[in-house]
Structure formats: C-alpha cells, structure tokens
Amino acid sequence: MSDHGAGQRAGQTEFITVFARRALARNLLSSVKKGNPLVVTGRLGSSEWETEGGVIRHSLTLQAEAIGPDLTFGTATFLRPLKEDDVPDHDPQTGEVQGSGGDEEEESSLAAAQSEGAELEPAF
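The structure presented is a predicted model; accordingly, all values stated were derived computationally and were not measured. (Residues numbered from 1 in each chain as written. Predicted model: local features only at pLDDT ≥ 70, side-chain atom pairs only at ≥ 80, totals over all residues. Heavy atoms only, no water.)

Draft legend 1. Geometry of the overall build of the protein chain. When you go through the protein chain residue by residue, the secondary structure sums to 2 helices and 3 strands. Counting helices and strands in the order they occur from the N terminus, the protein chain gives β-α-β-β-α. Taking all 124 residues of the protein chain together, 2% fall into the buried category. Put simply, of all contacts in the protein chain between residues at least 6 apart along the chain, 48% involve residues at least 24 apart. Of the roughly 11000 Å² that the protein chain leaves accessible, carbon and sulfur atoms contribute 52%. (Helix = DSSP H or I, 4+ residues; strand = E, 2+ residues; numbered from the N terminus. Buried < 20%, exposed > 50% of the residue type's maximum accessible area, 1.4 Å probe, protein only. Contact = heavy atoms within 4.5 Å. Areas by Shrake-Rupley, 256 points an atom, 1.4 Å probe, with all protein chains shown as cover.)

Draft legend 2. Region of the structure containing the environment of L44. Here L44 shows up in strand 2 (residues 38–50). Between the C-alpha atoms of L44 and I16, which are 28 residues apart in sequence, the distance is 9.1 Å. Residues contacting L44, with those up to four places away along its chain left out, are T61 and L62.

Draft legend 3. Here's a closer look at the pattern of salt bridges. Under the defined criterion, the tally for this structure stands at 1 salt bridge. Notably, a salt bridge pairs R43 with E65, separated by 3.3 Å at the nearest N-O pair. Of the two residues, R43 is situated in strand 2 and E65 in strand 3 (residues 56–69); the sequence distance between them amounts to 22 residues. No difference in accessibility class separates R43 from E65, as the two residues are exposed. (Salt bridge = Lys/Arg side-chain N within 4 Å of Asp/Glu carboxyl O.)

Draft legend 4. Here's a closer look at the pairing of strand 3. Across 4 bridges, the pairing between strand 1 (residues 16–19) and strand 3 is parallel. Residue pairing across strands places T17 opposite T61, the latter belonging to strand 3. Sheet topology note: the strand 2/strand 3 ladder contains 13 bridges and is antiparallel. By the bridge assignment for strand 3, W49 is matched with R57. The hairpin formed by strand 2 and strand 3 contains 5 residues between the paired strands, and G54 there has a positive phi angle of roughly 85°. (Pairing = 2+ DSSP bridges.)

Draft legend 5. The arrangement of the sheet that holds strand 3 in detail. The strand order across the open sheet formed by 3 strands is 1-3-2, and the pairing between neighbours is mixed. Looking at the sheet topology across the chains shown, the edges are occupied by strand 1 and strand 2. Going across the sheet, the axis of each strand differs from the next one's by a mean of 30°, ignoring polarity. Of the strands in this sheet, strand 2 and strand 3 are in contact with helix 1 (residues 22–31), which crosses strand 3 at around 80°. (Axes fitted to C-alpha atoms, helices over the stretch in contact; angles between N-to-C directions.)

Now the structure itself:
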C-alpha cells in the first residue's frame, strides 16, 4: 500500500495559492489567462489551523520566483517588456502620445521599432 501524504487519497486535488510580486506579477497579468497551463518554481509553504467547529484545515502556498507556460501541448513567444524610460508619455484616456516638442522623431522611431518587432529577444 502506498502513502499519499497525511489524510490524502490517491487522485485528490490539492489547491495551492501562488503569490507573485513586482515585475513577475505585472508580466503574469499581461501574459496568461485563466486555465492556461503553467510551470511555477518558488518556495513552498504550508499552514494548519482549526475551524470553530474543531475541524483541522491545511493550506499550501507558493512564493513564485519564476512562472512560464507549460510547453507540453503548445508553443510560446517571449517578449521583453519595454522599460519605463522607453515608454513615451501618453494620455491614459485616449492612448495619444504626448509630444514634448523635439521628441517627435524619437517617438516615431520607437513606434517603428515596436511595429517591426525590435523588442523581441531570444528567451535563451
């Protein structure tokens, strides 16, 4: 008979709360949708508590250090996000680029570089 952990049955689903911070969280929000299969590495933690009814509960957490797509059944393209200094000022309502006089040439070259895919860099 095999041991599947304290109080777990074979095939039982275990839910883990994953915490992502800073740039990882921002990039995750713009990269994945609910249901996408992911590969996550990080620090695993657990806690145990007793409910008011006397039932002992357990939870697992994972402090994510890296998250990526599971490439078992698909492919992915890696895009490095623009640095904050490289993004021109814009109106958040309309998305219109706010010119500062002499920066029009720089803004148009940035737009051209983006449309040509210049921000693409190899993932490895």
